[in-house]
Amino acid sequence: VERTFSIIKPDATRRNLTGKINAVIEGAGLRIVAQKRVRWTRAQAEKFYEEHKARPFYGELVDFMTSGPIVLQVLEGENAIAKYREVMGATDPKEAAEGTVRKLFAESKGSNSTHGSDSPAAADREIALNFRLDEIV
Ligand code: ATP
Ligand code: MG
């Protein structure tokens, strides 16, 4: 089995959608093996999104990700990384397929309800940044 890292973003926690998003995740056969609700400092958000530092939306992304509570998760399952990307749908909800989390819930390309790791290396890095091994059960 594979693990991926997920974030339920501030637009979704603000609208009380954690349970609805978790139902989509579990309905797709992914298991939530770690979960905590936190509010990131700017330093934490900047470090997490370091690879996007040069992108024009970086400042806006850090502002958004620190604007309210977020739910950090580790998801486990067969092909969890690719499967969760599929469950989330395209970055922009206008392009997301029917039934995906972003089609169902996202407000815009920036305010898009969820994050999911895009590769095994990213999943390892993002899980290690946010959870201790003994928090994943
Ligand atoms: P994520 O990494 O959050 O799972 P992603 O891999 O689909 O999403 P990335 O290209 O990695 O998208 O961008 C990271 C995040 O930055 C996006 O989820 C979105 O919140 C934000 N973002 C990306 N492009 C834009 C944009 N053009 N304008 C505003 N925000 C953007
Ligand atoms: Mg990404």
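Definitions and cut-offs
- Residues numbered from 1 in each chain as written.
- Chains lettered and ligands numbered in written order.
- Predicted model: local features only at pLDDT ≥ 70, side-chain atom pairs only at ≥ 80, totals over all residues.
- Heavy atoms only, no water.
- Near = heavy atom within 4 Å.
- Polar contact = N/O pair within 3.5 Å; in protein donor to acceptor, adjacent residues only side chain to side chain.
- Areas by Shrake-Rupley, 256 points an atom, 1.4 Å probe, with all protein chains shown as cover.
- 1 Å grid on protein atoms, 1.4 Å probe; cavity = no way out; pocket = protein on both sides within 12 Å on 5 of 7 lines; lining within 4 Å.
- Sits in = over half its atoms within 2 Å of the grid points.
- Helix = DSSP H or I, 4+ residues; strand = E, 2+ residues; numbered from the N terminus.
- Nonpolar A, V, L, I, M, F, W, Y, C, P; charged D, E, K, R; others polar.
- UniProt positions renumbered as here; feature names shortened; annotations may be inferred.
- Buried < 20%, exposed > 50% of the residue type's maximum accessible area, 1.4 Å probe, protein only.
- Contact = heavy atoms within 4.5 Å.
- Pairing = 2+ DSSP bridges.
- Axes fitted to C-alpha atoms, helices over the stretch in contact; angles between N-to-C directions.

Participant: Explanation requested: the site of ligand 1 in the structure shown.
Facilitator: The immediate surroundings of ligand 1 are formed by 16 residues, with Lys9, Arg85, Thr91, Asn112 and His115 found nearest. In the model, an oxygen atom of ligand 1 is placed 3.1 Å from a nitrogen or oxygen of the histidine 52 side chain. At 3.0 Å from an oxygen atom of ligand 1 is found a side-chain nitrogen or oxygen belonging to arginine 85. The fraction of the free accessible surface of ligand 1 (570 Å²) that becomes covered by protein chains is 83%. Of the pockets mapped on this structure, ligand 1 occupies the largest pocket. Elements supplying a minimum of two residues to the shell around ligand 1: helix H4 (58-65) and strand E4 (114-116). In terms of residue count, the dominant contributor to the shell around ligand 1 is E4 (three residues). A per-class count over the shell around ligand 1 returns three nonpolar, seven polar and six charged.

Participant: How should the UniProt feature "binding site: ATP" (unreviewed entry) in the protein chain be read in this particular structure?
Facilitator: UniProt marks Lys9, Phe57, Arg85, Thr91, Arg102 and Asn112 with the feature "binding site: ATP" (unreviewed entry), using the numbering shown here. Set against the largest pocket, the annotated residues named above that line it are Lys9, Phe57, Arg85, Thr91, Arg102 and Asn112. Take lysine 9: its relative accessible area is 5%, and that puts it in the buried class. Tracing the sequence through the fold places arginine 85 in helix H5 (residues 80-88). On the basis of relative accessible area, arginine 85 is assigned to the partly exposed category, the value being 37%.

Participant: Is there a simple way to think about the environment of lysine 103 in this case?
Facilitator: Take lysine 103: it is sitting in helix H6 (residues 101-105). Through-space distance from the C-alpha of lysine 103 to that of valine 87 is 9.9 Å; in sequence the pair is 16 residues apart. Discounting residues that sit within four places of it in the chain, lysine 103 has contacts with Pro93, Ala96, Ala97 and Glu98.

Participant: Honestly, the pairing of strand E3 (residues 70-77) in this entry has me stumped. Any pointers?
Facilitator: Taken residue by residue, a regular strand's side chains alternate between the two faces of the sheet. Summarising burial for E3: eight of the eight residues are buried, a large majority. Here E3 shows two buried faces, one formed by Ile70, Leu72, Val74 and Glu76 and the other by Val71, Gln73, Leu75 and Gly77. In this sheet, E3 lies alongside strand E1 (residues 2-8) in antiparallel orientation, the contact comprising seven bridges. Bridging across to E3, serine 6 finds its partner in glutamine 73. When strand E2 (residues 31-38) meets E3, the two strands line up antiparallel, connected through seven bridges. Bridge pairing links arginine 37 to valine 71 in E3.

Participant: Could you clarify how one ought to interpret the UniProt feature "active site" (unreviewed entry) in the protein chain in this entry?
Facilitator: Per the UniProt record, "active site" (unreviewed entry) is found at His115. Assignment of secondary structure puts histidine 115 in strand E4. Once residues within four sequence positions are removed from consideration, histidine 115 is found in contact with Phe5, Ser6, Ile7, Lys9, Phe48, Tyr49, Tyr84, Met88, Arg102 and Glu126.

Participant: Even after reading the chapter, I still don't get the sheet that holds E4, so can you show me in this structure?
Facilitator: Spatially, E2-E3-E1-E4 is the arrangement adopted by the four strands of the open sheet, whose pairing is antiparallel. Each of the sheet's edge strands pairs with one partner strand only, and the pair in question is E2 and E4. Each strand of the sheet is rotated relative to its neighbour by a mean of 20°, with strand direction disregarded. Where E1 meets E4, three bridges bridge the pair, whose relative direction is antiparallel. By the bridge assignment, isoleucine 7 is partnered in E4 with histidine 115.

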